[in-house]
Structure formats: structure tokens, C-alpha cells
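# Breakdown of the fold
What follows is each chain in one-letter form.
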Amino acid sequence: MVDYSRYQTLLIEKDAEGVCVVTLNRPERRNAVSMQMHDELEQVWSDLGRDEEVRCIVLTGAGTAFCAGGDVEGMDTGEFKPAGARVPFHMVRHLISNLLEVEQPIVAAINGDGAGLGATIPLFCDITVMSETARLADTHV
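Residues numbered from 1 in each chain as written. Predicted model: local features only at pLDDT ≥ 70, side-chain atom pairs only at ≥ 80, totals over all residues. Heavy atoms only, no water.

## Notes on the overall build of the protein chain
For clarity, the cut-off: Every helix listed is a DSSP run of H or I at least four residues long, and every strand listed is a run of E at least two residues long, numbered separately from the N terminus. Only protein chains enter the accessibility calculation, which uses a 1.4 Å probe; a residue whose area is less than 20% of its type maximum is buried, one above 50% is exposed, and one in between is partly exposed. In this analysis, two residues are considered to be in contact whenever any of their non-hydrogen atoms come within 4.5 Å of each other. Accessibility throughout is a Shrake-Rupley quantity obtained with a 1.4 Å probe, and a residue counts as covered only by protein chains that appear here.
The secondary structure content of the protein chain amounts to four helices and seven strands. Considering the protein chain as a whole, with its 141 residues, one finds that 44% of them fall into the buried category. In the protein chain, the proportion of contacts linking residues at least 24 apart, taken out of those at least 6 apart, comes to 67%. A total accessible area of about 7,900 Å² is found for the protein chain, and carbon and sulfur atoms account for 54% of it.

Below is the structure:
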């Protein structure tokens with residue numbers, strides 16, 4: 001059994017049938033990815049992948065947004081500041097690589113808007129289900 005109590009920006013809930021719901025849990029910031037959440041998103045896929053009690057995973061967001069992407073306000077304040085030119089891309093590759101290594105099916109339940117990383121992560125899930133009012137956007141272009 002894997003201990004998920006150390007996660008602070010993700011809610012991890014498992015039911016008796018082996019369904020594990022992972023909720024991005026920063027609704028006051030539209031679930032924008034802080035440095036802490038990014039670290040947790042990198043690690044949670046490894047934990048879930050080795051958890052024999054988990055048969056499938058549902059990824060969603062708390063509140064009205066799925067995920068606003070990187071925490072821009074945190075970048076301005078220095079709270080979210082990866083060092084070096086290549087580090088942000090390495091971090092995202094590591095997060096996505098860990099997600100892709102999970103053998104259990106992952107369902108992205110997009111409950112609201114997703115942008116940037118919040119639009120990218122669902123694309124790598126096995127199944128994507130969206131609210132009729134949800135929108136995805138990638139503003140990196």
C-alpha cells in the first residue's frame with residue numbers, strides 16, 4: 001500500500017473497487033501549477049503505477065477550472081522559478097514520462113478550463129472526458 005498523505009496540492013482518493021481520483025487542489029488559483037504541485041505531479045505517477053490496489057486513475061481539478069497551467073503569479077514573485085534555460089522543459093518531460101509509464105488507464109476528467117500544461121497533460125491520458133463548457137488552450141505559440 002502506498003502512502004499518499006505527503007501530497008499537499010493533490011487530493012488522492014481511492015475507492016474499494018480500485019478507482020483512484022487525483023484532484024489538482026489549488027482552486028483559489030484555478031489549479032495553477034506551483035513548484036510544489038509540479039514536484040508532486042512528477043512523483044504521483046510513480047506512486048500510482050506501483051500501487052497494486054489502483055486499477056484505474058481519474059485526473060480532475062478542484063473548483064471550476066481543470067488547470068490554468070504554470071503559476072504565472074508565482075513566476076513573478078519568484079515562488080515558481082526553475083533555474084536554467086532547459087530546466088522547465090526537462091521538468092515537464094520528466095512529469096510526462098512518469099505519466100506515460102503508468103500501466104493503469106488514466107482518464108482525464110476535464111471539469112473546466114485548461115491552459116498550457118493544463119491542456120498538455122490530458123493529451124497524454126488514455127481517455128479524455130470534458131465538460132461541455134470546458135475549454136483547452138495552449139498559449140505557448
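## A short note on the nonpolar core
Heads up, the rule is: As used here, the term nonpolar core means buried Ala, Val, Leu, Ile, Met, Phe, Trp, Tyr and Cys residues forming a set that is joined through side-chain atoms within 4.5 Å.
In this structure, Trp-45 and Leu-48 are the most contacted members of the largest nonpolar core, which totals 30 residues. Secondary-structure elements contributing two or more residues to this core are strand S1 (10–14), strand S2 (19–24), helix H1 (35–50), strand S3 (56–61), helix H3 (87–100), strand S4 (106–110) and helix H4 (117–123). With five residues, H1 is the largest single contributor of residues to this core. With residues near it in sequence (within four places) discarded, Leu-48 still touches Tyr-4, Cys-20, Val-22, Val-54, Ile-57 and Gln-104.

## Describing the environment of Thr-23
Structurally, Thr-23 can be placed in strand S2. Along the backbone, Thr-23 and Ile-12 are 11 residues apart, and their C-alpha atoms lie at a distance of 6.6 Å. Excluding anything up to four places from it in sequence, Thr-23 contacts Thr-9, Leu-10, Leu-11, Glu-13, Thr-60, Gly-61 and Ala-62.

## Concerning unusual backbone geometry
At Arg-30, a residue that is not glycine, the phi angle is positive and equals roughly 55 degrees. Turning to its location among the elements, Arg-30 is positioned in the loop between S2 and H1. When its relative accessible area of 37% is taken as the criterion, Arg-30 is described as partly exposed. A positive phi angle is found at Asn-31, which is not glycine, with a value near 60 degrees. Following the sequence through the fold, Asn-31 ends up in the loop between S2 and H1.

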